[in-house]
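Structure assessment
Listed below are the residues making up each chain.
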Amino acid sequence: MSTVFQQSRPGREGVWPKTPSGQASDLLPPDLLRDGPSGLPSLSELDVVRHFTTLSRKNFGVDGNFYPLGSCTMKYNPKFCENVAALPGFARLHPMLPQLPRGDELTQGALEVLYETERWLCEITGMDEFTLHPMAGAHGELTGVLIMAAYHADKGNKKTKIICPDSAHGTNPASAAIAGYEVVSVASKDGIVDPEALAAVLDDQVAGMMMTCPNTLGLFEQNLPRIVELLRSVDALLYYDGANLNAVMGKMRMGDAGFDIVHVNLHKTFATPHGGGGPGAGPVGVCARLADYMPISRVVKDASCRFHLRYDYPKSIGYVAPFYGNFGVVLKAYAYMVRLGREGLIKVSENAVLAANYLRKRLDDVLEVPYDRICMHEFVASAAKQSEKGVRALDIAKALLDKGYHAPTVYFPLIVKECLMFEPTETESKETLDTFADDLRAILAQAETDPAALLAAPVTLPVTRLDETAAARGMHITEDM
């Protein structure tokens, strides 16, 4: 083989486009030209590098700090999952490719990832079929409720209500209402759903019930068998909000417990960064009798082990998202499940529950724990005692910011006064939990001796106590140029 130098011929070269002689403004209609300068900032490269590097250091995330935000599972996401999602063979695929004639022949790897992820989620949850289309947890809820509605409509059932426990995530009643249902709340007893209270509101108009297990108090719903029995008596379906799946992987399969529909937050449980508005993914699983109503397209595997997209499902609720959901998020979840395997996923849940109970016991002598028993992956405390001295849950949360922590969830669930919800997750060390507990205990001691100081917190951050209502309703997010 000749070298490239041996192949060289004088005067032989590539094509060099001509340098334009005019300006871009010569090519554009006058009405599309600016009247003045663009208003863009004038900065050196070093100015820009320092500006964005400084901004990046102001980000608060799990990679830099402890983030015990209850109910949201802010756990560390291993970086190898990011590498897998960035592999060129996946990242450079055009989403239209599998829909083109014979396009599935060029996307077998991606289709296999989708198919295998669905099957593994079926195994973990005990459901019969899964769709990866929903692009967030609440989107999964809405998809699940629409499947529920399609089931009842197909059977000729006249259903108008969906039941939600008083400890439910706020998105549950919101999703039911958006789907057109009347929302009926059922009271908890000793922190879990009371079957007698459920029976009192149950009638033939109930389409289903939306539950989280463990619930938002971090407690396992021990009355599930009776709840399922009651719902079956009126042909109502049981929906599982998978926000707290991180607590029960390998310990409980929702399908085995009687749930008919499940949504899973891949961004909470399966290694995708969570927060900041996404991207997330909320796959939905169903039992066999609801499979006909799932969204399209669906990935199928034929007898020759080839993967294809199918759209021929006459009873489907149709499209709920473009293409196949957030494919990058699914890839990270796939890589996470492959790496951890069955035993690893079980350890995740065991360690998450262990960490929550350790932190609960480190704090239960200085904070009231209304349901003071073995919890699951999170627990709820109350600052009711501290509020008698003028220090509320919000003040304690703000004081934690000064010590370098993200605040826990406050004032949710609504049934606990001055609520603080902690979820340490499985990825934090004992040393981190001990340091956090010591710092929180110091704040609570200060609440006894100098409560006024906590009312000013945070005092070490660029901004102090904000008007959060004004920040949410009067946003100013643009810069005058």
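Residues numbered from 1 in each chain as written. Predicted model: local features only at pLDDT ≥ 70, side-chain atom pairs only at ≥ 80, totals over all residues. Heavy atoms only, no water.

**Section: the environment of N65**
Where we set the bar: Helix numbers and strand numbers start at the N terminus; a helix is a DSSP run of H or I with at least 4 residues, a strand a run of E with at least 2. Residue contacts are counted whenever heavy atoms from the two residues lie within 4.5 Å of one another. Side-chain atoms alone can form a polar contact between residues adjacent in sequence; in general such a contact is a pair of N or O atoms within 3.5 Å, and within protein one must be able to donate a hydrogen while the other accepts it.
By secondary structure assignment, the location of N65 is in the loop between α2 (45-57) and α3 (79-85). Linking N65 and G404, residues 339 residues apart in sequence, is a C-alpha distance of 6.9 Å. Other than its neighbours up to four places away in sequence, N65 contacts F60 and G404. At 3.0 Å, the side chain of N65 and the backbone oxygen of G404 are in polar contact.

**Section: the pattern of salt bridges**
Selection rule: Salt bridge, as applied in this entry: a Lys or Arg side-chain nitrogen positioned within 4 Å of an Asp or Glu carboxyl oxygen. Here the term buried applies to any residue with accessible area under 20% of the maximum for its type, exposed to any over 50%, and partly exposed to those in between, with areas from a 1.4 Å probe on protein chains only.
Throughout the structure, instances matching the rule amount to 28 salt bridges. Here D434 ties to K430 by a salt bridge, and the two come within 2.8 Å at their closest N and O atoms. Of this pair, D434 and K430 both sit in helix α15 (residues 430-449), 4 residues apart, which is roughly one turn of the helix. Of the residues examined, D434 reaches a relative accessible area of 16% and is grouped as buried. Salt bridges here are not isolated pairs; linked through shared partners, they connect R362, K430, D434 and D438.

**Regarding the sheet that holds strand β2 (residues 161-165)**
Heads up, the condition is: Two strands qualify as a pair provided DSSP detects at least 2 bridges between them. Only the stretch in contact is used when a helix axis is fitted, and all axes are lines through C-alpha atoms; the angle between N-to-C directions ranges over 0 to 180 degrees.
A sheet is described by the order of its strands in space; here 7 strands give the open sequence β1-β9-β8-β7-β6-β2-β3, paired in mixed fashion. The open sheet has two edge strands, β1 (129-131) and β3 (182-186), and neither has a second partner. For this sheet, the mean inter-axis angle between neighbouring strands, taken without regard to orientation, is 25°. Across the sheet, helix α6 (residues 137-155) lies against β2, β6 (206-212), β7 (237-242), β8 (261-264) and β9 (284-286), angled at about 170° from β7, the strand it touches most.

**Re the sheet that holds strand β12 (residues 379-382)**
Read across the sheet, 3 strands follow the order β12-β14-β13 without closing on themselves; strand pairing throughout is antiparallel. A single partner strand is all that each edge strand has here, and the edge strands are β12 and β13 (409-410). Relative to strand β14 (residues 419-422), β13 is paired through 2 bridges, and the arrangement is antiparallel. Directly across from T409, in β14, lies its bridge partner M421.

**Let's talk about a nonpolar patch on the surface**
The line we're drawing: Patch membership requires over 30% relative accessible area and the absence of a salt bridge. Like charges are linked within 9 Å, and nonpolar side chains (Val, Leu, Ile, Met, Phe, Trp, Tyr) within 5 Å. For every accessible area listed, the method is Shrake-Rupley and the probe measures 1.4 Å; residues are considered covered only by the protein chains on display.
A surface patch of nonpolar side chains, about 410 Å² in accessible area, is lined by L27, L28, L32 and L33. Here L33 is to be found in the loop between α1 (24-27) and α2. Judged by its relative accessible area of 33%, L33 falls in the partly exposed class.

**A short note on the environment of K18**
Along the chain, K18 turns up in the segment before α1. Linking K18 and K347, residues 329 residues apart in sequence, is a C-alpha distance of 63 Å.

**Focus: the packing of aromatic side chains**
As a reminder of what qualifies: The criterion for an aromatic pair is that two Phe, Tyr or Trp rings (for Trp, the six-membered ring) have centres within 6.5 Å, with stacked assigned to planes under 30 degrees apart, edge-to-face to planes over 60 apart and tilted to the rest.
Applying the stated criterion across every chain yields a total of 13 aromatic pairs. Residues Y115 and F307 carry aromatic rings whose centres are separated by 5.3 Å and whose planes lie at 55° to one another, so their mutual orientation is tilted. With Y115 in helix α5 (residues 108-125) and F307 in strand β11 (residues 307-310), this pair connects stretches of sequence that are 192 residues apart. Look at F307 and you get buried, because its relative accessible area is 4%. Residues W120 and Y334 carry aromatic rings whose centres are separated by 5.0 Å and whose planes lie at 10° to one another, so their mutual orientation is stacked.

**Topic: the side chain of H267**
Considering the arrangement of structural elements, one finds H267 in helix α11 (residues 266-269). Apart from the residues within four sequence positions on either side, H267 is in contact with A136, G137, T272, P273, H274, P279, G280 and A281.

**A look at the domain arrangement of the protein chain**
Often, the extent of an interface is quoted as the loss of accessible area on bringing the components together. Applicable threshold: Reported domain spans reflect what an automatic or database domain assignment gives. Defined in terms of a 1.4 Å probe, buried area is the accessible area two parts forfeit on being brought together, summed over both. Gly is placed with the polar residues, together with every amino acid not listed as nonpolar (Ala, Val, Leu, Ile, Met, Phe, Trp, Tyr, Cys and Pro) or charged (Asp, Glu, Lys and Arg).
Each domain of the protein chain was delimited in the assignment, giving domain 1 (87-339) and domain 2 (341-468). Look at where the C-alpha atoms of domain 1 and domain 2 centre, and you get two points 30 Å apart. Each side of the interface is counted separately: domain 1 has 30 residues, and domain 2 has 23 residues. Where domain 1 abuts domain 2, roughly 1,900 Å² becomes buried across the two surfaces, and 61% of that area is made up of carbon and sulfur atoms. Here K251 and E350 are joined by a salt bridge, their closest N and O atoms 2.6 Å apart. Counting across the domain 1 and domain 2 interface gives 9 residue pairs in polar contact (both at pLDDT 80 or more). When its residues are assigned to classes, the side of domain 1 that touches domain 2 shows 15 nonpolar, 11 polar and 4 charged.

**Remarks on the packing of α5 against helix α12 (residues 327-363)**
Cut-off, in case you're wondering: Roughly parallel means an angle under 35 degrees; roughly antiparallel means over 145; roughly perpendicular covers 65 to 115; every other angle is labelled oblique. Crossings are sorted by hand: turned counterclockwise from the far helix by less than a right angle, the near helix makes the crossing left-handed, and turned clockwise it makes it right-handed.
Between α5 and α12, whose axes approach to 10 Å, the crossing angle comes to 50°. With respect to α12, the axis of α5 lies oblique. α5 and α12 meet at a crossing whose hand is left-handed. Residues A110, V113, L114, E116, T117, W120, L121 and I124 of α5 pack against F327, V330, L331, Y334, M337, V338 and L345 of α12. Residue composition of the contact of α5 with α12, grouped by class: 13 nonpolar, 1 polar and 1 charged.

**Details of the pairing of β8**
Side-chain alternation along β8 places I261 and H263 on one buried face and V262 and V264 on a second face that is also buried. One ladder, built from 4 bridges, connects β7 with β8; its direction is parallel. If you follow Y240 over to β8, its bridge partner there is V262. Relative to β9, β8 runs antiparallel, the two sharing 3 bridges. Residue pairing across strands places V262 opposite G285, the latter belonging to β9.

**Section: the side chain of E118**
What counts, and what does not: When charges are counted, neither His nor the chain ends are considered; positive counts come from Lys and Arg and negative counts from Asp and Glu.
Inspection of the secondary structure puts E118 in helix α5. An unpaired buried charge is present at E118: no salt bridge exists, and R119, the closest side chain of opposite charge, is 5.3 Å distant. In this view, E118 contacts F130, T131, L132 and V299; residues no more than four positions away in its chain are not counted.

**Overview of unusual backbone geometry**
Of the consecutive residues C213 and P214, the connecting peptide bond is found in the cis state with omega at 0°. Backbone torsion omega between I296 and S297 reads 0°, so that peptide bond is classified as cis. Considering the arrangement of structural elements, one finds S297 in the loop between β9 and β10 (298-301). For D235, which is not glycine, the phi dihedral falls at a positive 55°.

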